[in-house]
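Working through the structure, step by step
Chain residues, written in single-letter form:
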Amino acid sequence: MATVEEYSWKRTKTILAGRTLVNAEEISFKLKQEIEVYTDNDGNPSSWGSGEITGEGSLKVRGSEYQAILDFAAAYGYDLLKMPPLPLIIQEESPDLPTLTHVLTAIKFTEDGFSGKNKDKFYTKELPFKVVGPVQRLKA
């Protein structure tokens, strides 16, 4: 049986508004869909209905990358929270598996701030976001 190299952080690329993030520490997102179960007179499930799909996530970057994102926003006359929606692309690569690409066509940052403590070697910034556009998953 042959072994395969799994997807790993060292081969994951995060692209925000067309620019590869070089100091991204963590990226996550999840999509949720509201499901309602209808029951018959005896209380047994008889059917179901689905609601809208919503998404949210978080991007964690080092201070230098955070500054580059702020500079990008300022170049277009915005601050981080007032920027229009931006595309976010996450590419998972492996030499042995297909490349998986998650395309979040539009995200909007929902929080900005600062947290630091004594003896930190470097600061990371967590930037939560809402997914406000369609999501596509591609395999190549």
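The structure reproduced in this document is the subject of the present report. Predicted model, so just to flag it, every value in this text is computed and none were measured. (Residues numbered from 1 in each chain as written. Predicted model: local features only at pLDDT ≥ 70, side-chain atom pairs only at ≥ 80, totals over all residues. Heavy atoms only, no water.)

What follows concerns the overall build of the protein. Looking only at helices and strands, the protein features 1 helix and 8 strands. Along the protein, helices (α) and strands (β) appear in the sequence β-β-β-β-α-β-β-β-β when read from the amino end. With the principal axes as the frame, the protein shows a C-alpha extent of 60 × 50 × 35 Å. Residue burial in the protein is summarised as follows: out of 140 residues, 27% are buried. Here the analysis covers contacts within the protein between residues at least 6 apart in sequence; of these, 62% occur between residues at least 24 apart. When the accessible surface of the protein is totalled, it reaches about 9,400 Å², and 50% of it is carbon and sulfur. Across the protein, 17 positive and 20 negative side-chain charges occur, with their mean positions spaced 9 Å apart. (Helix = DSSP H or I, 4+ residues; strand = E, 2+ residues; numbered from the N terminus. Buried < 20%, exposed > 50% of the residue type's maximum accessible area, 1.4 Å probe, protein only. Contact = heavy atoms within 4.5 Å. Areas by Shrake-Rupley, 256 points an atom, 1.4 Å probe, with all protein chains shown as cover. Lys, Arg positive; Asp, Glu negative; His and termini not counted. Charge placed at Lys NZ, Arg CZ, Asp CG, Glu CD.)

Turning our eyes to something else, we now look at the nonpolar core. The biggest cluster of nonpolar side chains holds 21 residues, and the ones touching the most others in it are L16, L59, F109 and F129. Those elements that provide at least two residues to this core are β3 (24-39), β4 (45-62), α1 (63-75), β5 (86-92), β6 (100-109) and β7 (124-131). If we ignore the near neighbours within four places in the chain, the residues touching L16 are L21, I69, L86, P87, L88, I107 and F109. (Core = buried A, V, L, I, M, F, W, Y, C linked by side-chain atoms within 4.5 Å.)

A few words on the packing of aromatic side chains. A full pass over the atoms with the stated rule returns 2 aromatic pairs. With centroids separated by 5.0 Å and ring planes inclined at 55 degrees, the aromatic side chains of F72 and Y76 adopt a geometry described as tilted. A residue is classified by how much of its surface remains accessible, and Y76, at 56% relative accessible area, is exposed. Seen from their ring centres, F114 and Y123 are 5.1 Å apart, and the 75 degrees between their planes marks the pair as edge-to-face. Given the relative accessible area of 36%, Y123 is considered partly exposed. (Phe/Tyr/Trp six-rings, centres within 6.5 Å; stacked < 30°, edge-to-face > 60°.)

The residue G49 is located in strand β4 in this model. Residues G49 and Y38, spaced 11 residues apart in sequence, show a C-alpha to C-alpha distance of 7.8 Å. The contact partners of G49, leaving out residues within four places of it in the chain, are E34, I35, E36 and Y38.

This part is about empty space enclosed by the protein. Taken as a whole, this structure holds 1 cavity of 30 Å³ or more when the rule is applied. What lines the largest cavity is L80, L81, M83, P84, L86, I107, K108 and F109. Among the elements that make up the lining of the largest cavity, the one with the highest residue count is β6 (3 residues). Looking at side-chain class alone, the lining of the largest cavity contains 7 nonpolar, no polar and 1 charged residues. (1 Å grid on protein atoms, 1.4 Å probe; cavity = no way out; pocket = protein on both sides within 12 Å on 5 of 7 lines; lining within 4 Å. Points joined across faces, edges and corners; volume = space filled by probe spheres on them. Nonpolar A, V, L, I, M, F, W, Y, C, P; charged D, E, K, R; others polar.)

Inspection of the sheet shows β3 paired to β4 by 14 bridges, in the antiparallel sense. Within β4, the residue paired with I27 across the bridge is L59. Hairpin connection from β3 to β4: 5 residues lie between these consecutive antiparallel strands, with G43 at a positive phi of about 85 degrees. (Pairing = 2+ DSSP bridges.)

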